[in-house]
Every structure is written in C-alpha cells, then in structure tokens.
Amino acid sequence: MHFKHPEILYFLFLLLVPILVHLFQLRRFKTEYFTNVRFLKKLTIESRKSSKIKKRLLLATRLLLLSALILAFAQPYFEAKDHKNANNELYIILDNSFSMQAKGNRGELLKRAVQELLEETPENSTFSLLTNEQNFWNTDIKSIQNDLQNLKYSAIPFDLDAQLAKINTRKSIYKKDIILISDGVGTQQKQDNKEEIYFIKPEAEQKNNAAVDSVFINQTLDNFYEITVSIKGFGEDLAPLPIALYNQNKLIAKTIVTLDTKKKNVNFTIPKQEFNGYVTINDKGLPYDNEYFFSIAKNKKTAVLSIGEPQKSGFLSRIYTPNEFNFITSDLRLLDYNSIEKQTTIVLNELPEIPQALQTTLQAFVSKGGNLVVIPSESSTVTSTNSFLKSIGNIQMVASDNSNPKQITKINFDHPLFSGVFENKITNFQYPKAEKSFVVKSSYPSILAYEDQTPFLTSIAKSTGTVFLFSAPLNTKNSNFQQSPLIVPVFYKMGINNKNALLYAATIGNNAPFWVNTTLTKEAVLTVKGKNEQFIPIQQMLDNKVKITFADLPKQSGNYTIFNKNEAQESISFNYARTESDLSQVNTNLEANFESIDSIRSVFNTLQTNRTDQQIWKWFLIFALTFLLIEMAIIRFVK
C-alpha cells in the first residue's frame, strides 16, 4: 500500500491524546465511609466495573476513529500494474482513405469509427488525432467534434510510416500510446515502431468491388476516336454492370459489361472533337472508383525537327507520322535557326560537331521547355560535344577502348519514358546491339543500358525541358536498334515528352506537368476551376507557354477548366488513384505486429484498468464514520 500524502501520517502521534485523557480519568481518589451509606458499597463496586468497560470501549473507538481519519487524509492506494505508463501521451491515427467507404455490419467503416470515437472517448481525455490530411494536436473530443462529423474521404492514400514519423517528431519526456484505426487495405509498414500500438480493424461485410481503371484512345479514325474503357473486377461472382459515357453531363452511350475475367475492355466510338466528360458504372462496392473523368483536346500536331543528313532520318519519318506530327529534317548547313523555337522536340542526328551558335540556341530551347535528343556520330568531336553537355548537366562522353559489340539488355521500366508502354516487365526479348559506342559518365539513371551496366540511353531532366543522350550512333551500319521493337516507343515518347497527351486524365497527387500555350501579363496567373473547387496551381512562365504543376490539388475528382482571367484555355480532368479498389489486399502483418483490440471502448477500459491506481481512502473515511456511530451508541446505550 502507498500513500499520496505520507507526511500526514505524522498526525498519528495525536493518538496519544485520547490515551492521556483516558489515564487522567482513571486517577485514584481517597474513599471515606459513612455509616448511613455503608449498605451502598456493593452497588458502587459494580458501577465502577461497568464504567471501566465503557471507558475502554470509548478509548478504542476514538483511537480507531482518529486513525481512520488520518489514514483517509493521507490517501492510501494500491499501485496499478502498469502505473509507470500512466502519463503516456495518447495518439489516434484514423485512416480516412477510400477503402473505408466499404460497408460493415453497422454502416460505412469510417462513419462508424467516427461515431465510436465521439461516443466512447472520455471528455477529460487529452489526445492527438491524425488523419490522412489533417492533424489535431493536444486536443479533446469536444473540441474536434464538428471536424470529425464533417470528415471527408481523402484522395491521399493512407501511409502508416508517414503518420508514425509525424508522431515520433513530437518530442516528449513521456512515452506514447498509439491507437490505429484502419482496415489495413494497401497499408504498408517498412519501419519498426517502439511505441505501444493498439490496432482496431473495422471489417467489411463483402469485398466484391468493380472499378473504372482507365480510359485511352485505342485508334484514331478520319472522323472518330475509338476509346477503350478498362474495367477491373475484384472478388467473385460479380454481377453484370451498367456502364455509361457522358460528355458535358450529356449521355453519349450506354451498355452492360459482364466481368467474366478480372479485366474487361469496352470500346466506344465518339466524334473526333473536343471532349470533356466521364465514364460511370453502377457498382455496389466502393463508390469512389465508379467514375473516371477524362478530357480530349483539339488535336494539335507535335513539331519535331531532325538536324543532320536527311538520308539518316528515314527511320524518324516512319515514327513521326503526318497524322500526329509535323516532322521536318534539315541539313546543318541549311538550318533555319528561327524555326527552332517553334519545335517541341529537336533531334541532333549524328552531327560530327555542334557549332557554338547552335549550342547557345539549343540551351535557350531546352530552358523554355523543349526536348533535345542527341545521337552521336562515329566521328563526333568529343571536346565539342562535352562542352555542350557540360552547359546542360553533369554528363560527359569518353571514347571507348572496347572495339567489341555490346548488347543492350537493361530496361529501366520505372523511367517516365516507359510509363504506360509495358503491361509487364519483359526479361526475354531480342537484344539490340551496337558495334561502336562512347562511354557515358553520368550521375543520371540509365533508360537503356548495356550488359556491362553502362548507359546506352540516358536523360537529363531539367525543370523545363529534357535532354536525351545516346551513347552510340543509330545508323544501320553501327547498330540494329532501328529494327528493335523498342525504337518506336522510345522515340515516340521522346517526341511528345513535355507535351500534353491528346487524352488527359491525371491522377490526383501525380505531379506531372501540364503545358498551356498562352501568354501571361506580369501579374496575371492561371486559375483552375471545377464544379465544386477552384485553385491556383504552381506555374512557370516560359515565353509563349506556361508550365503548370498541381502537387496534391485538386482534392476532388472531376472535369476542370484552366482560365486566364475569364478566358478558358484548356480542359483537364483528374481522378482518384485506384490503389485501394481491391479490398482483399489487407496487410495481415499489422495484426501480428500490433496489439489487436476490438473497439475504442475496450482501449480506454484497458488503459484505465491497467494504469489507474486503486484508491482506498474512501474506505477509511467510511470506517471513521462507522467508528463515530459506534462511539455514539456506546455513550447512549452502555451504562
């Protein structure tokens, strides 16, 4: 037993007072006998014996009464088994990602978790609450009641490591208790956490779900686009789904798709004109992935210029076809320097030397958002080429001592150049080769590499344009790369790099740039407006165009329009990432790593039971009152 105020125990010395009083009352008196009261002697002796018993009982009750009062004021208690963590700080991590839209036995998982927090969290409890986008530090349940009731689903995927990192940055002399409320869908934990974590996992009743995964242009006809809508199904025995296509909220087409496979493509033919609409399905699973917004801009051809001998540019003309590109080739001696700024991509096709005037013009071209592709010549002057490359980035070319052919065997599938090109990573294909090549010394990652890990194709990603560098000539005498299936996607993507795709359907949080062909005045900015949201994106003015990046904006998916003042410039569309559409992708390691618990109430009951000392001072107060009543009874009834 412990005491909260042990110093009060010194008052136990007061117990001497009733003892001294009792002894004083027992002092002896001299007795005188008179003849007329002698017959009362026997009665007097019996009265004295009864008085002694009463006084001793009163002494005992008063001693016990005083002891009980002193002990009550000292506040005795028994320590809790986990009393050392009684002052721990409490943090609640609430997953409000889209997978929490799934329905459990009492409604949507997120809404039910919020309701339990409001009902079961003690009003006097101080804690910090973290959601995917918001943080509430050192608060209580009453202060954030309205915020919780209005909590929306977040387009930002749930990142447990990021949330734990935020908590760990809060320095404190106390330990931390963490309550994690998440369904565990798509949740990863790469870092270990030393704090106590209580894991509450809401369960969905059924995990079937269908999602509109993507929309793309399958082929371009004379007067029509054939677009393909990709539908993914997760679960078993999915019912047939109605699917509808809208343009400006006007129904264009409607059909029914049967998901007899995990992925199903549905084709629609639409007029070859601007489009700003969406595809929707009617699914009983998660609502967030039932719509997919996309925009098709007016078809503008991409300008590509090849500088070099025209006879070496034949393979480029077969890639940059007239229906999508304005492709021209020019000999260096006949080059019109004024045409350079009008291009999207310039290819330096095996120039033996890059004149200084052309270097200066190309530097300005790249700084304004242009793409440059450098294909060296066997007779390239390394000094001249390196002088130009040094002015652009940390990259150099060195003549190779190896005269043996080298195979191109490595593909960097994660490079943006190959985004959307391959459905699966390819490990077995016919490797192209190069007879002679230069050694490229670069701190930038390779796009394509030789078997010895040296770069065949690398890039310098500037804040505006991009420079692509090959380490070998691509003519048919030196390399068979022109016959490789890789050449089409590589040069096609390099040609349209930093140019908006014809069909635009961005993912919220994917910070890919968007280019707007317009001119802004000194203080003007572009504004993005949607049906329910309006914001000003990050933007950079480059002569006659503006580079826009969106960061984590917008918050809601939908169709948007870019305005320069009140004049509409471009139509764009944004969608939520489909990372949580598969409700079966639950991280089971969370239950193994953390202490699983069934409800908020159980967490607080557990913490209170294990960490609250058992106070017993009330019992001593009850004993004191009891002894007081006993004393009064003795005084009244004992003779």
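Residue numbers here run from 1 along each chain, matching the order of that chain's written sequence. In keeping with the model being predicted, local features are shown solely for residues with a pLDDT of at least 70 and side-chain atom pairs are shown and tallied solely at 80 or more, while totals for entire chains, interfaces and linings include all residues. Excluded from the side-chain calculation are hydrogens and water; included are all heavy atoms of the structure.

Q: What am I meant to see in the overall build of the protein chain here?
A: Numbered from the N terminus, helices here are DSSP runs of H or I no shorter than four residues, and strands are runs of E no shorter than two. Within the protein chain one finds twelve helices and 38 strands. Buried residues are those whose accessible area, probed at 1.4 Å on protein chains only, stays under 20% of the maximum for their type, while exposed residues exceed 50% and partly exposed ones sit between those limits. Out of the 639 residues belonging to the protein chain, those deemed buried represent 45%. It only takes one pair of heavy atoms within 4.5 Å for two residues to be counted as in contact. For the protein chain, the share of sequence-separated contacts (at least 6 apart) that also reach a separation of at least 24 residues comes to 70%. Residue burial considers only the protein chains on display, and all accessible areas are found by Shrake-Rupley using a 1.4 Å probe. Within the structure as shown, the protein chain displays about 35,300 Å² of accessible surface, and the carbon and sulfur contribution to it stands at 51%.

Q: Whenever I open this one, the sheet that holds strand β16 (residues 291-296) confuses me. Can you help?
A: Within a sheet, each strand pairs with its neighbour through backbone hydrogen bonds, oriented either parallel or antiparallel. Strand pairing follows a simple DSSP-based rule, namely that at least 2 bridges must link the two strands. Taken in spatial order, the five strands of this open sheet run β13-β12-β15-β16-β28, and their pairing is antiparallel. Since the sheet does not close on itself, it has two edges, and those belong to β13 (250-257) and β28 (503-504), each with one partner.

Q: How do you make sense of helix α7 (residues 356-367) when you look at a structure like this?
A: Residues spaced three or four apart along an α-helix point in a common direction, a consequence of the helix completing one turn every 3.6 residues. Take the residue count of a helix, subtract one, and multiply by 1.5 Å to get its expected span. In this model α7 runs 17 Å from its N-terminal to its C-terminal C-alpha over twelve residues, within 8% of the 16 Å that 1.5 Å per residue would give. Considered for burial, the residues of α7 that qualify are L358, Q359, L362, F365 and V366. Across the axial projection of α7, the buried residues extend over an arc of 125°, all falling on one side. In this structure, the buried residues of α7 make contact with β17 (302-308), β19 (345-351), β20 (371-376), α8 (382-392) and β27 (466-470). The first or second residue beyond α7 is G369, which carries a positive phi of 100°. For this quantity, the arc is that covered by the directions from the helix axis to the C-beta atoms.

Q: What's the story with the sheet that holds strand β30 (residues 514-516) in this structure? I'm lost.
A: Reading across the sheet, the three strands line up as β30-β34-β33 and stay open at both edges, with antiparallel pairing between neighbours. The two strands at the open ends of the sheet, each matched to only one other strand, are β30 and β33 (538-542). Taking each pair of neighbouring strands and ignoring which way they run, the sheet shows an average axis angle of 25°. Relative to strand β34 (residues 545-549), β33 is paired through five bridges, and the arrangement is antiparallel. Note that in β34 the partner of Q539 across the bridge is I548. Lines fitted to C-alpha atoms define the axes, with helix axes restricted to the stretch in contact, and inter-axis angles between N-to-C directions lie between 0 and 180 degrees.

Q: Honestly, the nonpolar core in this entry has me stumped. Any pointers?
A: Among soluble globular proteins, nonpolar side chains are generally buried collectively. Only buried residues count toward a nonpolar core. Its members are Ala, Val, Leu, Ile, Met, Phe, Trp, Tyr and Cys residues joined through side-chain atoms within 4.5 Å. Ranked by internal contacts, the top residues of the largest apolar core, which has 53 residues, are L94, I181, F550 and I572. Element by element, the count of residues in this core is highest for helix α3 (residues 109-120), at five residues. When neighbours within four sequence positions are excluded, L94 is seen to be in contact with L110, A113, V114, L117, L129, L130, T131, N132, L148, L151 and I181. By size, the runner-up hydrophobic cluster in this structure holds 31 residues, among which are I411, L448, F481 and L486.

Q: Would you explain α8 in this entry?
A: Of the residues making up α8, those classed as buried are S384, T385, N386, F388, L389 and I392. In this structure, the buried residues of α8 make contact with α7, β20, β21 (395-399), β26 (455-461) and β27.

Q: Before we go on, may I ask you to explain unusual backbone geometry in this structure?
A: A cis amide bond links L553 to the next residue, P554, at an omega of -5°. Secondary-structure assignment places P554 in the loop between β34 and β35 (558-564). Positive phi values are uncommon outside glycine, yet Q453 reaches one of about 75°. Here Q453 lies in the loop between β25 (446-450) and β26. For K565, which is not glycine, the phi torsion reads 60° and is therefore positive. Judged by relative accessible area, K565 falls into the exposed class, the value being 58%.

Q: Is there a simple way to explain the packing of aromatic side chains in this structure?
A: Note on aromatic pairs: each is described by the distance of the centres and the angle between the planes. Pairing of aromatic rings covers Phe, Tyr and the six-membered ring of Trp, with a centre-to-centre limit of 6.5 Å; geometry is then stacked below 30 degrees between planes, edge-to-face above 60, and tilted otherwise. Within this structure, the stated rule accounts for 24 aromatic pairs. Taken together, a centroid distance of 6.3 Å and an interplanar angle of 20° make the contact between F98 and Y153 stacked. Separated by 55 residues along the polypeptide, F98 in the loop between β3 (89-94) and β4 (103-104) and Y153 in the loop between α4 (145-149) and α5 (160-168) bring together distant segments of the chain. We classify F98 as buried; its relative accessible area is 7%. Between the aromatic rings of F535 and Y560, the centroid separation amounts to 6.3 Å while the plane-to-plane angle is 65°, which identifies the pairing as edge-to-face. Note that F535 is positioned in strand β32 (residues 534-535) and Y560 in strand β35, a separation of 25 residues in sequence. This pair shows no difference in class: F535 is buried, exactly as Y560 is.

Q: How should I be thinking about the pattern of salt bridges in this particular structure?
A: Opposite charge on two side chains lets them pair, provided their charged atoms get close. Here, a salt bridge means any side-chain nitrogen of Lys or Arg that lies within 4 Å of a carboxyl oxygen of Asp or Glu. If you walk through the whole model with that rule in mind, you get 13 salt bridges. For E116, the salt bridge is made with R112, and the minimal N-O distance between the two is 3.8 Å. Pair noted here: E116 and R112 are both in helix α3, with a separation of four residues, about one helical turn. A salt bridge links K555 to E133; the nearest nitrogen and oxygen atoms lie 3.0 Å apart. With a gap of 422 residues between them, K555 in the loop between β34 and β35 and E133 in the loop between β6 (127-130) and β7 (135-139) connect regions that are remote in the sequence. What makes K555 partly exposed here is its relative accessible area of 39%. For E133, a relative accessible area of 36% translates into the label partly exposed.

Q: Can you help me understand the pairing of β27 in this one?
A: Regular strands place side chains that alternate from one sheet face to the opposite one. Along β27, five of the five residues are buried, which leaves the element largely enclosed by surrounding structure. Relative to β27, β20 runs parallel, the two being bridged by four bridges. Its bridge partner lying in β27, N371 is registered against T466. Two strands pair when backbone bridges link them, and β26 and β27 are joined in this way by five bridges, in the antiparallel orientation. Each residue of the ladder has a partner; that of I460, found in β27, is V467.

Q: Sorry if this is basic, but what is going on with the side chain of E570 here?
A: Its location among the elements puts E570 in strand β36 (residues 567-575). On the basis of relative accessibility, which here comes to 15%, the residue E570 falls in the buried class. If near-sequence neighbours (up to four positions away) are discounted, E570 is found in contact with A297, K300, F514, V516, Y560, T561 and I562.

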